[in-house]
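Survey of secondary and tertiary structure
So you can see what is in the structure, the chains are spelled out below.
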Amino acid sequence: MIGKSMMLRRGIPVLLFIGLVSWGTSLSSHEGATGVVKERMTLMESLGGSMKTLAKFAKGELEWDTQVVQKQLSALSSHASKDLSALFPEGSARHPSEAKPAIWTDWDEFQALWGDFNKVAKTANEAEPDSPKVLISQIRKLAKTCKSCHDDFKAD
Ligand code: HEC
């Protein structure tokens, strides 16, 4: 019992933190997306899906399953290792994309933030969390990297 209530208490800050990041997308945001825009939205959606599942394990909403957790972390890491250049060709911020034109004026910064995400995702994957407690600290770090890029480069 004690273990459970502790886990729930630990879960609260994660919930709040994750609430700051917009993983969820309305289905309509995909409407009319084609080509690379659709491709990168699908990639991002998949990141959002992995984060949501991981958050459920961290909060104890899903019964702990090391294999499933590891699968999500490895998916994140594999997506993070992708080269963004092909997915963000210059001038591809048109509707319905939520990409901000700043991506192309601050390309180095954009790339660097993706590089940070890649590093954190690799570390999380290699950490092989074996408990919600360990997973929470990885999720925090991951969520920060998503948020710091979205704050500057993704329209709300
Ligand atoms: C280096 C920048 C960067 C990082 C890091 C990043 N994103 Fe994104 N994300 C974007 C941009 C730019 C868009 C808007 C793409 C578009 O609409 O063309 C986006 C869009 C999204 C969307 C909306 C997709 C849609 O269907 O419209 C989700 C969900 C998302 N990101 C989740 C995440 C998650 C979760 C992480 C971290 C695990 C993450 N992103 C990390 C830049 C980033």
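All of these numbers come straight from a predicted model, not from anything done at the bench.

**So, the overall build of the protein chain**
When helices and strands are counted, the protein chain shows six helices and zero strands. Beginning at the N terminus, the succession of helices and strands in the protein chain can be written as α-α-α-α-α-α. Across the 156 residues that make up the protein chain, the buried fraction comes to 38%. If you take every contact in the protein chain between residues at least 6 apart in sequence, the share linking residues at least 24 apart comes to 75%. Surface accessibility of the protein chain: about 9,000 Å² in total, with carbon and sulfur atoms responsible for 56%.

**What to know about the nonpolar core**
Phe-88, Phe-117, Leu-135 and Leu-142 are the most contacted members of the largest nonpolar core, which totals 30 residues. Listed by contribution, the elements that provide at least two residues to this core are helix 2 (35–59), helix 3 (66–80), helix 4 (102–105), helix 5 (107–127) and helix 6 (132–153). Sequence-distant contacts of Phe-88, defined by excluding residues within four places in its chain, comprise Arg-40, Ala-99, Ile-103, Trp-104, Trp-107 and Phe-110.

**Some remarks on the side chain of Ser-50**
Take Ser-50: it is sitting in helix 2. Within the structure, the side chain of Ser-50 is placed 2.8 Å from the side chain of Gln-72, a separation counted as a polar contact. Every residue in contact with Ser-50, bar those within four places of it in the chain, is listed here: Gln-72, Ala-75 and Leu-76.

**Points about the packing of aromatic side chains**
Taken as a whole, this structure holds five aromatic pairs when the rule is applied. Here the aromatic rings of Phe-57 and Trp-64 are separated by 6.1 Å at their centres, their planes lie at 80 degrees, and the arrangement is edge-to-face. Seen in terms of ring centroids, Trp-114 and Phe-117 are 5.1 Å apart; in terms of plane orientation they differ by 70 degrees. Their pairing is edge-to-face. Of this pair, Trp-114 and Phe-117 both sit in helix 5, three residues apart, which is roughly one turn of the helix. By relative accessible area, which is 6% here, Phe-117 ends up buried. Feature note: the residues Phe-88, Trp-107, Phe-110 and Phe-153 constitute an aromatic cluster, connected by ring pairs.

The rules behind the values
- Residues numbered from 1 in each chain as written.
- Predicted model: local features only at pLDDT ≥ 70, side-chain atom pairs only at ≥ 80, totals over all residues.
- Heavy atoms only, no water.
- Helix = DSSP H or I, 4+ residues; strand = E, 2+ residues; numbered from the N terminus.
- Buried < 20%, exposed > 50% of the residue type's maximum accessible area, 1.4 Å probe, protein only.
- Contact = heavy atoms within 4.5 Å.
- Areas by Shrake-Rupley, 256 points an atom, 1.4 Å probe, with all protein chains shown as cover.
- Core = buried A, V, L, I, M, F, W, Y, C linked by side-chain atoms within 4.5 Å.
- Polar contact = N/O pair within 3.5 Å; in protein donor to acceptor, adjacent residues only side chain to side chain.
- Phe/Tyr/Trp six-rings, centres within 6.5 Å; stacked < 30°, edge-to-face > 60°.

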